[in-house]
Amino acid sequence: MDTYRADVAHIGKSVIIKGELSGSEDLFLDGEVEGNIDLHNHNLVIGPNGRVRANVHAKDVVVHGKVDGNITGVDKVELKKSAVLNGDINTQRIVIEDGAFFKGAIDIRKADAKAEPVRPAAQAAAATPVFSTPAASATVTTGIPEKK
Amino acid sequence: MRAHRSDTPNLARSALGFFRNIFGGGAEPASATGEAARIPRRSTGFNQFTRTILRPDGQKILDLGPTSSSNINFLTGLGHKAYNEDVLAAGNASRLVIPGTEEGSTTVDVARFLSEDLQYDPETFDAVLMWDVCDYLPEPLVKPVVERIYQITKPRGAMLAFFHTREAGVEAPYYRYHIKDENLLELQQGPHFQLKRTFQNRHVEGLFHDFNSIKFFLGKENIREVLLLR
């Protein structure tokens, strides 16, 4: 835990922030935020006690708590099973665990049109999703493959 | 800063496991999460529904069932924008229960439901997955929900709905529908909702009389599948 706290900024569950929250390092947020969150190219984890009423912009966004607002994850958005999200998601890849509550729209953004192989829609429908985990897993990921 | 490090000392391993979960760790296998098993079922109705949404990309598809990563995966894999709204959870919420006209009775606050849920501009969606929502919705909400869905669906937009036959019985459990592929659905029991009614075909036709076309498919396990075009 100490290692984690040394590497990641941490906002505890008793902290309430109203306004603009921005930074240039990874953040673990377990408190309440009302306003906007912008971490540019860094990762955000909203902890199980996190309550966010804000639009969120970060590289990877992982949600354990509750969010009322839109989430933009430059690379990936993950909704854990305890997550409650009322808002839209805009990202390249998404992971939603069974049990997560989501009300809104999901727009999967393509990172680079040239990187995505062209295939007919019917074929795409029948194909195994690119990021699917095994059938026994509780999670399925969708999106386009990362460039190698 | 990266959460994953291969040179992490052993003493920090347990802490790392926690961080790994937080920053992009894998999910627990189904057996560990205790979720209900999924039962595969072929669906002609869903196959026909899928054919209507293959082209073009970028359609807006509304899923009215509980959040399903499989469904989102399938729809976004087709290049569409997936919308999710769990109408049954919203419609059965305790906050909507209000006193009824008779003493001691209760009913559902339809006006509140319509002001808080299914709030979209007219003709927003190219297609709607309604699943068997109508069979489990509180009675006062059935007609208003169908009317609202009609309003927010585009002309010629498709909708897929399932209905239990009378043989299903009143104890028919509620299943979530997960899309496996264009022919196959997976059913997963729960959460618990009570079957409120079973529609006959003429009732279904009456309920959706505003729609342009209605096509019935006889499904398995006492389910009828209905494909509607607005």
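Here, every reference points to the structure presented above.
The following refers to the structure shown.

Parameters at a glance
- The numbering scheme is per chain: residues are counted from 1 as the chain's sequence reads.
- Labels follow written order: the first chain is A, the first ligand is 1, and so on.
- Local features in a predicted model are, by the rule used here, given only for residues with pLDDT of at least 70; side-chain atom pairs are given and counted only at 80 or more, and totals for whole chains, interfaces and linings are based on all residues.
- Just so you know, side-chain values use all the structure's heavy atoms and leave hydrogens and water out.
- Note on classification: 1.4 Å probe, protein chains only; a residue is buried when its accessible area is under 20% of the maximum for its type, exposed when over 50%, partly exposed between these limits.
- Secondary structure elements follow DSSP: runs of H or I of four or more residues count as helices, runs of E of two or more count as strands, with numbering from the N terminus.
- Whenever a nitrogen or oxygen atom comes within 3.5 Å of another N or O atom, the pair is scored as a polar contact, on the condition that within protein one atom can donate a hydrogen and the other can accept it, and that pairs from neighbouring residues in sequence are kept only if both atoms are in side chains.
- Two strands are said to pair when DSSP picks up at least two bridges between them.
- Look down the strands so they point away from you; if going from the first strand over the helix to the second traces a clockwise path, that crossover is right-handed.
- For every element, the axis is a line fit to its C-alpha atoms; helices are fit only across the contacting stretch, and the angle between N-to-C directions ranges from 0 to 180 degrees.
- Contacts between residues were defined by any pair of non-hydrogen atoms, one from each residue, lying within 4.5 Å.
- Side-chain rings of Phe, Tyr and Trp, where Trp is taken by its six-membered ring, are said to pair if the distance between their centres is within 6.5 Å; with planes under 30 degrees apart they count as stacked, over 60 as edge-to-face, and otherwise as tilted.
- Among buried residues, the Ala, Val, Leu, Ile, Met, Phe, Trp, Tyr and Cys ones that are joined through side-chain atoms within 4.5 Å form a nonpolar core.
- Each reported salt bridge corresponds to a side-chain nitrogen of Lys or Arg within 4 Å of a carboxyl oxygen of Asp or Glu.

Every buried residue belonging to helix H3 (residues 44–53) of chain B is among Gly45, Phe46, Asn47, Phe49, Thr50 and Ile53 of chain B, and all of these are buried. Capping the start of H3 of chain B is the job of one residue whose side-chain oxygen sits 2.9 Å from the backbone nitrogen of Phe46 of chain B: Ser43 of chain B.

Once that is clear, we can look at the pairing of strand E2 (residues 60–63) of chain B. Residue and element names in this part refer to chain B. With 4 bridges joining them, E2 and strand E3 (residues 81–84) adopt parallel strand pairing. In the sheet register, Asp63 faces E3, and the bridge partner there is Asn84. Chirality of the crossover, the property in question, places the unit of E2, helix H4 (residues 69–77) and E3 among those that are right-handed. Strand direction decides the pairing type here: E2 and strand E6 (residues 125–131), joined by 3 bridges, are parallel. Bridge assignment links Leu62 to a residue of E6, and that residue is Val128.

Residue and element names in this part refer to chain B. A sheet is described by the order of its strands in space; here 3 strands give the open sequence E1-E9-E8, paired in antiparallel fashion. Where the open sheet ends on each side, the last strands, each with one partner, are strand E1 (38–42) and strand E8 (175–179). Across the sheet, the axes of successive neighbouring strands diverge by a mean angle of 35°, strand direction being ignored. As judged from the 5 bridges shared by E1 and strand E9 (residues 184–189), these two strands associate in the antiparallel manner. Along E9, the bridge assignment pairs Arg42 with Leu184.

So, about the environment of Glu116 of chain B. Here Glu116 of chain B shows up in helix H6 (residues 110–116). Given a relative accessible area of 33%, Glu116 of chain B falls into the partly exposed group. Counting along the chain gives 48 residues from Glu116 of chain B to Ser68 of chain B, while the straight-line C-alpha distance between them is 22 Å. Excluding anything up to four places from it in sequence, Glu116 of chain B contacts Lys103 of chain A together with Arg95 of chain B.

On to the packing of aromatic side chains. Residue and element names in this part refer to chain B. This structure, assessed with the given rule, holds 15 aromatic pairs over all chains. Measuring from centroid to centroid gives 5.6 Å for Phe46 and Phe74, while their planes differ by 55°, and the two rings are tilted. Placement of Phe46 in helix H3 and of Phe74 in helix H4 is noted, with a sequence separation of 28 residues between them. The pair formed by Phe46 and Phe74 is uniform in burial state, with each residue classed as buried. When the centroid spacing of 6.1 Å and the interplanar angle of 70° are considered together, the rings of Phe163 and Phe208 count as edge-to-face.

Moving on, we come to the nonpolar core. When a protein is soluble and globular, its nonpolar side chains tend to lie buried together. Membership of the largest hydrophobic core comes to 39 residues, with the highest contact counts inside it found for Leu64, Phe113, Leu118, Met130 and Phe208 of chain B. Contributing elements (two or more residues each) for this core: helix H5 (87–91), H6, E6, helix H7 (133–136), helix H8 (139–152), strand E7 (153–164), helix H9 (201–207) and strand E11 (223–229) of chain B. In terms of residue count, H8 of chain B provides more of this core than any other element does, 6 residues in total. Ranked by size, the runner-up nonpolar core spans 29 residues in total, among them Leu21, Val33, Val63 and Val67 of chain A.

Considering all chains together, one arrives at 15 salt bridges over all chains under this definition. The partner of Asp98 of chain A in a salt bridge is Arg176 of chain B, and the shortest N-O contact between them spans 3.0 Å. Highlighted residues: Asp98 of chain A in the loop between strand E10 (89–97) and strand E11 (101–108) and Arg176 of chain B in strand E8, drawn from two different chains. Its salt-bridge partner being Arg95 of chain B, residue Asp117 of chain B comes within 3.7 Å of it at the nearest N-O pair. A residue pair is termed long-range when its members are at least 10 positions apart, and Asp117 of chain B in the loop between H6 and E6 and Arg95 of chain B in the loop between H5 and strand E4 (97–99) qualify at 22 residues. With a relative accessible area of 4%, Asp117 of chain B lands in the buried category. The class of Arg95 of chain B is partly exposed, set by a relative accessible area of 35%. Put simply, Lys103 of chain A together with Glu85, Arg95, Arg112, Glu116 and Asp117 of chain B are held in one network by salt bridges that share partners.

Looking at the secondary structure, you find Leu29 of chain A in strand E3 (residues 27–29). Dropping the residues within four chain positions of it, Leu29 of chain A is found in contact with Ile11, Ile37, Leu44, Val45, Ile46, Gly47, Gly50 and Val52 of chain A.

So, about the side chain of Thr153 of chain B. All names here are of chain B. On the secondary structure map, Thr153 appears in strand E7. For Thr153, a relative accessible area of 1% gives the class buried. Excluding anything up to four places from it in sequence, Thr153 contacts Glu123, Phe125, Val128 and Arg230.

Residue and element names in this part refer to chain B. Buried residues dominate E7, accounting for 9 of its 12 residues. In this sheet, E11 lies alongside E7 in antiparallel orientation, the contact comprising 7 bridges. Looking across to E11, one finds that Ala158 is bridged to Leu229.

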